[in-house]
Amino acid sequence: MKIQHVTVIGAGQMGSGIAQVAAEAGCQVNLYDLQEGFLEKGVGRIEKNLARQVEKGRLDEKEKLSILDRIHKFASLEKAVEETDIVIEAVVENMGVKTELFRQLDEACPSRTILASNTSSLPITEIAASTNRPEKVIGMHFMNPVPVMKLVEVIRGLATSDEVYHTVESLAKELGKTPVEVKDFPGFISNRVLMPMINEAIYAVYEGVAEPEAIDQVMKLGMNHPMGPLTLADFIGLDTCLYIMETLHEGFGDSKYRPCPLLRKYVKAGWTGRKAGRGFYIYES
Ligand SMILES: CC(=O)CC(=O)SCCNC(=O)CCNC(=O)[C@H](O)C(C)(C)COP(=O)(O)OP(=O)(O)OC[C@H]1O[C@@H](n2cnc3c(N)ncnc32)[C@H](O)[C@@H]1OP(=O)(O)O
Ligand SMILES: NC(=O)C1=CN([C@@H]2O[C@H](COP(=O)(O)OP(=O)(O)OC[C@H]3O[C@@H](n4cnc5c(N)ncnc54)[C@H](OP(=O)(O)O)[C@@H]3O)[C@@H](O)[C@H]2O)C=CC1
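Quick look at the structure, then. Think of each chain on its own: its residues are numbered from 1, step by step along the sequence as written. Each chain takes a letter, starting from A, and each ligand takes a number, starting from 1, following the order in which they are written. Reporting of local features is limited, given that this is a predicted model, to residues whose pLDDT is at least 70; pairs of side-chain atoms are given and counted only at 80 or more, and all residues count toward the totals for whole chains, interfaces and linings. Side-chain metrics rest on all non-hydrogen atoms present in the structure, leaving aside hydrogens and water.

**Some points on the site of ligand 1**
Argument step 1. Proximity criterion: a residue is near a molecule or strand once any of its heavy atoms comes within 4 Å of it. Around ligand 1, 18 residues are found, and the nearest of them are Lys56, Arg58, His141, Asn144 and Asn191.
Argument step 2. Whenever two N or O atoms come within 3.5 Å, that pair is a polar contact, provided that in protein one can donate a hydrogen and the other can accept it, and provided that, for residues adjacent in sequence, both atoms are side-chain atoms. Between a nitrogen atom of ligand 1 and a main-chain N or O atom of Asn144, the distance comes to 2.7 Å.
Argument step 3. In isolation ligand 1 exposes 1000 Å². Once the protein is present, 63% of that is buried.
Argument step 4. For the shell around ligand 1, the secondary-structure elements that each account for two or more residues are helix H2 (36–55), helix H8 (190–206) and helix H10 (229–236).
Argument step 5. Polarity classes work like this: nonpolar for Ala, Val, Leu, Ile, Met, Phe, Trp, Tyr, Cys and Pro, charged for Asp, Glu, Lys and Arg, and polar for all others, with Gly in that last group. Of the residues contributing to the shell around ligand 1, the split by class is ten nonpolar, five polar and three charged. Reported accessibility uses the Shrake-Rupley method at a 1.4 Å probe radius. Residues are deemed covered only where the shown protein chains occlude them. Numbering of helices and strands starts at the N terminus; helices are DSSP runs of H or I of at least 4 residues and strands are runs of E of at least 2.

So this is what it looks like as structure tokens:
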């Protein structure tokens, strides 16, 4: 099946990026979020990214407007999915929220529709089990910032069909990404490897080994990482980092994945990183 119509659920940093790359690739994109304000903010972020491309001479004004014309905002979930070939879900990293949403999507979507999740770590098989179409449920894990990063991890649940896998693999390529197949284990590959490093960097702050700036400098200058782990944690969102560590901890039952108490404390304080204006660093809006 060739995907022409994509619905993105959640207009946060990931959902808006996914909507942008899908519209750039020529798909019709419906964007849905619980709150009108988040939809406006998400589309505003896309407009800003496209305006930067125009400034750099990579896109003309007419192309920018036609990309934006392909993005349609929806306040009703049922209406957003009426004619869609694939739904890509990018809401908060919480199993309860995701399974309830997938149950609703299963009821509202046409029977042909593929239901994909951009989850960072949660088991696809469990999300799929909340629907009556587990063969059409799959993980499609984009990286942040979506317009820049080339990788999409594609994760099959236990029941995902080969046809659905190949459709999603082709879609990822059409969006200019490189799909990599990964089995359904907590955190897949990306966050099984990345997040314990970030958590360890937070332990280093917690134990007073060094200041956040020094830890980031070590990893940037010593290991050539484009961002230090604490800057990256703020960029991802400390709430998302905590949810991922909890999924690894619970999923593997191994204490090496225990989330650092300082990470919990920051999330409880509402210091969730760049999106909140404060995490390991302070940001001006
Ligand atoms: C948590 C998960 O489940 C999985 C994850 O996503 S983990 C996170 C994965 N992502 C990373 O590790 C990102 C690490 N950081 C980086 O690669 C780089 O710092 C970065 C690409 C974000 C920024 O790069 P930089 O060189 O420091 O800054 P800058 O020069 O401003 O930007 C480079 C390009 O990215 C673009 N860019 C930067 N941030 C952007 C954003 N948020 N949205 C869109 N485009 C962006 C810029 O426009 C610029 O584009 P051009 O080169 O085409 O002009
Ligand atoms: N941040 C990252 O670097 C990455 C994140 N991911 C994954 O992507 C997903 C989204 O993360 P991210 O974009 O960072 O999060 P954000 O907090 O930026 O955005 C989530 C959006 O989803 C909305 N939302 C929450 N619940 C629902 C719902 N039931 N229906 C519709 N919209 C809802 C939120 O609105 P409200 O605030 O009103 O609840 C918010 O606008 C998570 O699963 C995360 O793990 C994957 C790769 C990288």
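**Quick notes on the side chain of Thr84**
Argument step 1. If you trace the backbone, Thr84 turns up in the loop between helix H4 (77–81) and strand S4 (86–89).
Argument step 2. Side-chain polar atoms of Thr84 contact the side chain of Thr7, separated by 2.9 Å.

**What about the environment of Val182?**
Argument step 1. Structurally, the position occupied by Val182 is in strand S8 (residues 178–182).
Argument step 2. Buried, partly exposed and exposed residues are distinguished by accessible area as a fraction of the type maximum, computed with a 1.4 Å probe on protein chains only: under 20%, between the cut-offs, and over 50%, respectively. Overall, Val182 belongs to the buried group, its relative accessible area being 10%.
Argument step 3. Along the backbone, Val182 and Glu153 are 29 residues apart, and their C-alpha atoms lie at a distance of 6.4 Å.
Argument step 4. Contacts are assigned to residue pairs with any non-hydrogen atoms lying within 4.5 Å of each other. The contact partners of Val182, leaving out residues within four places of it in the chain, are Glu153, Val154, Ile155, Arg156, Phe188 and Ile189.

**Considerations on the pairing of S4**
Argument step 1. Residue alternation in S4 divides its side chains into two sets, Ile86 and Ile88 and Val87 and Glu89, and both sets are buried.
Argument step 2. In short, DSSP must find at least two bridges between two strands for them to pair. One ladder, built from four bridges, connects strand S1 (residues 5–9) with S4; its direction is parallel. Across the sheet, the residue bridging to Thr7 is Val87, located in S4.
Argument step 3. The pairing of S4 with strand S5 (residues 114–117) spans four bridges and is parallel. Considered in S5, the bridge of Val87 is made with Leu115.

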